[in-house]
Amino acid sequence: MFDLILQATYSGLLSGGSYALIALGLALVFGTMRVINLAHGEFVLLAAYIAYTVESQMGWNPLLALPISVVVVCITAAIVYLLVTRLDKNREMNSLILTFGLGVILTNLVLFIWKADIHSTSVGWFQEAVVLGPLYSMRSELLFFITSVVMVAILWVWLDKSWYGRAVRAVSSNRDAAKLMGINPHVTELISFLIAGILASFSGVALYCASVIQPALGNALTIKAFIITILAGIGSIPGVLIGAVLLGVSEALTITLLSSALQELTGMLLLLFVLLALPNGLFGRAGRRG
Amino acid sequence: MRIGEKLAQTAAILSLAAFASTAVADEFVVGSNLPLTGPQARWGQEVAEGFKLATEAFNRGSAKHKIKLIVTDDEGNPAKASAAAEKMISDGAVALYGGFPTPAVVGAANVATKAGLVYMSSGYGGTKADFKNFFQINAISGYQKAIAGTMLDMGAKSVSLIHNTKEGSAYVATAVAKALTDKGVKVTMHPYDSAIADFKPIINKIKLQDRPELISMVGYESEYIGMLRAAKVLKPEVKAIVCAYGVATPKMMADFPAELQNVYGTTMLSYPAEFATKDGKEFAEAFKKTFNKDPDYLAQFGYVSGQVLFEAIARAANAGTIAKGGIAAEMRKTDRETITGRVTFDETGFNPHFVLRMGQIQGNKIPLIWPKEAATGKMNFPGLPW
Amino acid sequence: MKIRFLLPVLAVVYLAIPYLWGGNNYVMSLLVAAFIIAGVALAWALLANLGGMVSFGHSAFFGVGAYLSALLCINYRLPVLAGILMGGIGAAVASIAMLPALRLRGPYFALAVLAYANIFKILAMEFKGITEGAAGVTNIPALPTVMGFDFSSKLGTYLVIVTIVLLFTGSYHLIRVSHYGAALKAMHDSEDATRVVGVNSTLLKAMMLFVSAFMTGVVGAVNAHYINFIDPDYAFDLGWTLLPMVAVVFGGYRTLMGPLVGAVGIFMLDQLVFKALIGTGHQIMLGAVLAVMVLFSPDGLVPLIGDKWKRIRRAQA
């Protein structure tokens, strides 16, 4: 029994890590602009399909797809950003609808181009087992997790130390004051969208290597990212990792100790519990005024 | 004009008309509502291809009767399926075929039944269909017979059964479990929700707690791959992995050769397709030519359903009973060998002879290994993907 | 809504449409499906406008209404119309579970309600003894025959759903012009100020949630008796929240007729035009419509048409 729980916790930790990377881009944009980009899952999906094309058409290792997907996804992200800034009334609600519509367009584009079949990498290296004592995992999962942690760390440091990073935080907490300080909020917001694009690219390529992709996935990824973002609360980057791991571990433990049919239920109950007890998420600051 | 001339003219026109109608073949409209878009698009498109092929084959082989096919996309949605059925009936359909998943079938079948028409499906996932004149070739019981039968032939004493909670999978899994426990096999069930990402916790439970001889799974393609990858990492000590539909297909084998070695799945044809009958060879060649790929089990269902339906329509037309519910009557009289086996229909409209076959992925071939009468190869047992 | 519009609308709905297309089951099927969406759209808009809460989980109310009505009619032989009423009441009762979420703001509330919707779906799957689980509920009784007229026919169902939607629209209007409506409007402008004056904003919001849930539950129940089959995936499908949202955005956020016009409009547009033009992947047009509407006319179509109409009349004067 102990072995089971240990493995479940480990598996949950790793899948939490992958959720975190997927959610990070959404969380960043939400924190900076109070905009929930419902097309984020489709960014990840796009990157995953680019990795597939790179592997199947050119025979390269899918990791080499990273530069290409970063370029493509960032261009897409920039377009989404430009459209979002065109909204003037009631941005919070309307951006939700706009990005949702854009997400639908992207999913259908993916469907047009790549059809509905499932795909995953056939590079065997990724599925090889890594055994650490009684703990098993696939190489790809471990890679995904490590990438995730590294990205979270880099982002955290960047937000704290770099000029643009601090500008992002400034704009996030008080847009007008930031303007007075000489920060161009438009540029800053565009940067956060682009970074979200980069994060989405990494997630997408990793997703293709670690699991199976299909066009319907875009929606599911967005919802998962959304849940984790809200769980973590606004303004906390490490919160995203912690929230995601919490979710992953709860799911794995539910499967092991209760029934595997209840995995989804766990996520929902966890979310509700956190929201009702801590209305601003686990680590969120209270909503900004004005 | 004087009476005599008028009579002559009328006679001439009438005889011309009579001549024309015998020279031109009767055309019968058949409507098909299928999910061509939406989450079930793959299912719908494959079935549509098979059905279309059957239409072309029938029209080529029949001088007296022609089938005009209308295909409408119902997006897998019951309200749209219902609307699609209404439209096709108003366009003159004499029979309808299609629908997936079950709510969509119900939506369209209701409309067809109210209009007194035959409704044929390949996608109804329940056991009872309370519609008059409902017909389906692939009964769920066929899946269960094949999967349980194979495992019993392997002589297993304990099985862990993983399945998706959605209706179709859950039903087959429950039926398989019952068939096994009735013969004294110990079965542990592991239902999972479609949102699942990582199968390792389930496989680990199986490995450490159940310790079965066989693992069996009923679910969807991406889930099979996820489960097999998790199993390859954890390496539970089992003798074989027996899956359900969607696994033993040429496409899956081509896309995921490493994961699927020695895995069993339900299928109708071996790969490369070895057809004993002329019927089968024709089908495979025509399919490859028209669609540039190998047919899979869904296309076969579409094809056979079409064959059976169109032949019934032709018989009813010959007997002149179409307006009087003749198609339904002829359907009930169906007794035909097809590439999916023998087809007859019982009172519930399902085909009691429907038994799926089991194939095993060996190298880059998929021989049929169950039932013995249809086998084209030997089981690689015990055998695992690792 | 101006009273002078009422008569023409009633005439179109009850006279023109049945006269023109009553015999065409195909058009009737589409209209029934469109008005089901319209009903939910109205309920959704009511919650968003009067209650100030955007919900991503209306499918919860839809599904609860459907299941409750279906099971009551099958197991307890309740007459169908009574079942539909109970479906609505049941959905309202179910929304009590969501009361704690009322204090959450914006996207947090939206997501919390989505979580509830998913939970209800899973409960419907798991409690097989009551709900038949994934197999679903079959043979749900159809709408009854009253005074010789078969309401389970396409035309009959159309009349039922259209009447229900119009009644709901009327109720929406009455709430808006009542002093509840005034209080809610004030609440939007400043929740703090209204609290100071003594308005119990939480109670008001809760009432709006109940009303919205009730309406959606009723519509869900009608749909169950129309299709005669439900299963957890269908009854609690995300589409029952998303399509009404698209309808509301398309037709108009703040007007009374907006959701209605939007639902019927976008549904017919999608089924009759987009599908014919594009075939597989025609949903891409829905996404495009959504994006374009939000960017260029965020108040929706009805106000756009209303403005144009006013301009024409002014030019004529």
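Quantities reported herein were computed from a predicted structural model and do not represent experimental measurements. (Residues numbered from 1 in each chain as written. Chains lettered and ligands numbered in written order. Predicted model: local features only at pLDDT ≥ 70, side-chain atom pairs only at ≥ 80, totals over all residues.)

## A look at the packing of helix H2 (residues 25-49) of chain C against helix H7 (residues 154-177) of chain C
All names here are of chain C.
So, point 1. Their axes nearest at 9 Å, the elements H2 and H7 cross at an angle of 20 degrees. With respect to H7, the axis of H2 lies roughly parallel. Where H2 crosses over H7, the handedness of that crossing is left-handed. Residues Asn25, Met28, Ser29, Leu31, Val32, Phe35, Ile36, Ala38, Gly39, Leu42 and Leu46 of H2 form the contact with H7, whose participating residues are Lys154, Leu155, Thr157, Tyr158, Ile161, Val162, Ile164, Val165, Phe168, Thr169 and Tyr172.
So, point 2. Here the residues of the contact of H2 with H7 are counted per class, giving 16 nonpolar, five polar and one charged. (Axes fitted to C-alpha atoms, helices over the stretch in contact; angles between N-to-C directions. Helix = DSSP H or I, 4+ residues; strand = E, 2+ residues; numbered from the N terminus. Parallel < 35°, antiparallel > 145°, perpendicular 65-115°, else oblique. Left-handed = near helix turned anticlockwise from the far one by under 90°. Contact = placed C-beta atoms within 7 Å. Nonpolar A, V, L, I, M, F, W, Y, C, P; charged D, E, K, R; others polar.)

## Notes on the interface of chain C and chain A
So, point 1. With 28 residues of chain C at the interface, the matching set in chain A holds 32 residues.
So, point 2. Of all elements in the fold, only helix H5 (106-126) and helix H14 (283-296) of chain C reach the threshold of two or more residues within the side of chain C that touches chain A.
So, point 3. Looking at which element gives the most residues to the side of chain C that touches chain A, the answer is H5 of chain C, with 10 residues.
So, point 4. In the side of chain C that touches chain A, the residues fall into 20 nonpolar, five polar and three charged.

## Let's talk about the pairing of strand S3 (residues 93-98) of chain B
All names here are of chain B.
So, point 1. Most of S3 sits inside the fold, with six of its six residues counted as buried.
So, point 2. Direction of pairing for strand S1 (residues 26-34) relative to S3: parallel, over a ladder of five bridges. Residue pairing across strands places glycine 31 opposite leucine 96, the latter belonging to S3.
So, point 3. Read from S3 through helix H4 (residues 102-114) to strand S4 (residues 118-121), the crossover connection turns out right-handed. (Buried ≥ 20, exposed ≤ 12 C-beta atoms within 10 Å, placed from the backbone. Pairing = 2+ DSSP bridges. Right-handed = clockwise from strand over helix to strand, strands pointing away.)

## Here's the deal with the interface of chain C and chain B
So, point 1. Facing the 22 residues of chain C at the interface are 23 residues of chain B.
So, point 2. Within the residue set of the side of chain C that touches chain B, elements represented by two or more residues are H2 and helix H11 (232-235) of chain C.
So, point 3. Sort the elements by how many residues they give to the side of chain C that touches chain B and H2 of chain C lands first, with five residues.
So, point 4. Grouping the amino acids of the side of chain C that touches chain B by side-chain chemistry returns nine nonpolar, 10 polar and three charged.

## Some words on the confidence of the model for chain C
So, point 1. Mean pLDDT for chain C: 84, with 93% of residues reaching 70 or above.
So, point 2. Interface predicted TM-score (ipTM) for the complex: 0.84; the corresponding pTM is 0.84. (pLDDT = per-residue confidence, 0-100.)

## Things to note about unusual backbone geometry
Residue and element names in this part refer to chain B.
So, point 1. Cis geometry is adopted by the peptide bond preceding proline 371, which originates at tryptophan 370 and carries an omega value of -10 degrees.
So, point 2. Residue proline 382 is bonded to the preceding phenylalanine 381 through a cis peptide linkage, with omega at -5 degrees.
So, point 3. Among the secondary structure elements, proline 382 is positioned in the segment after strand S14 (368-370).
So, point 4. The backbone phi angle of asparagine 133 is positive, close to 65 degrees, even though this residue is not glycine.
So, point 5. When you line up the elements, asparagine 133 lands in the loop between S4 and strand S5 (134-136).
So, point 6. Positive phi values are uncommon outside glycine, yet arginine 211 reaches one of about 45 degrees.
So, point 7. Take arginine 211: it is sitting in the loop between helix H7 (200-210) and strand S8 (214-218).

## What to know about helix H8 (residues 221-234) of chain B
In an α-helix, one full turn covers 3.6 residues, which means residues spaced three or four apart are oriented alike.
Residues and elements named next belong to chain B.
So, point 1. If you check H8, its first and last C-alpha atoms are 20 Å apart, about what 14 residues at 1.5 Å a residue would give, namely 20 Å.
So, point 2. Extensive coverage of H8 is indicated by the burial of 13 of its 14 residues.
So, point 3. After H8 finishes, the residue lysine 235 shows a positive phi value of roughly 50 degrees. (Expected span 1.5 Å × (residues − 1).)

## What to know about the pairing of strand S13 (residues 357-360) of chain B
Residue and element names in this part refer to chain B.
So, point 1. The side-chain alternation of S13 yields two buried faces, one formed by Arg357 and Gly359 and the other by Met358 and Gln360.
So, point 2. Of the pairings in the sheet, the one linking strand S10 (residues 264-267) to S13 comprises four bridges and is antiparallel in character. When the bridges of S13 are listed, glycine 265 appears paired with glycine 359.
So, point 3. Here S13 pairs with S14 via two bridges, running antiparallel. Bridging from a neighbouring strand, glycine 359 pairs with leucine 368 of S14.

## Re the packing of helix H11 (residues 263-277) of chain A against H5 of chain C
Any two packed helices are characterised by how steeply their axes cross, that is the angle between the axes, and by the distance between the axes.
So, point 1. The N-to-C vectors of H11 of chain A and H5 of chain C enclose an angle of 145 degrees; their axes lie 9 Å apart at closest approach. In the packing of H11 of chain A onto H5 of chain C, the handedness of the crossing is left-handed. In this structure, H11 of chain A contributes Glu264, Leu265, Met268, Leu271, Leu272 and Leu275 of chain A to the contact, and H5 of chain C contributes Tyr108, Ala112, Ala115, Asn118, Ile119 and Ile122 of chain C.
So, point 2. Each residue belonging to the contact of H11 of chain A with H5 of chain C can be placed in one class, and the counts come to 10 nonpolar, one polar and one charged.

## Brief notes about H4 of chain B
Residues and elements named next belong to chain B.
So, point 1. In this model H4 runs 18 Å from its N-terminal to its C-terminal C-alpha over 13 residues, within 8% of the 18 Å that 1.5 Å per residue would give.
So, point 2. With respect to burial, H4 is a largely interior element, 11 of its 13 residues being buried.
So, point 3. Where H4 is concerned, the buried positions are Thr102, Pro103, Ala104, Val105, Val106, Gly107, Ala108, Ala109, Asn110, Val111 and Ala112.
So, point 4. Looking at the residues trailing H4, positive phi occurs at glycine 116, about 75 degrees.

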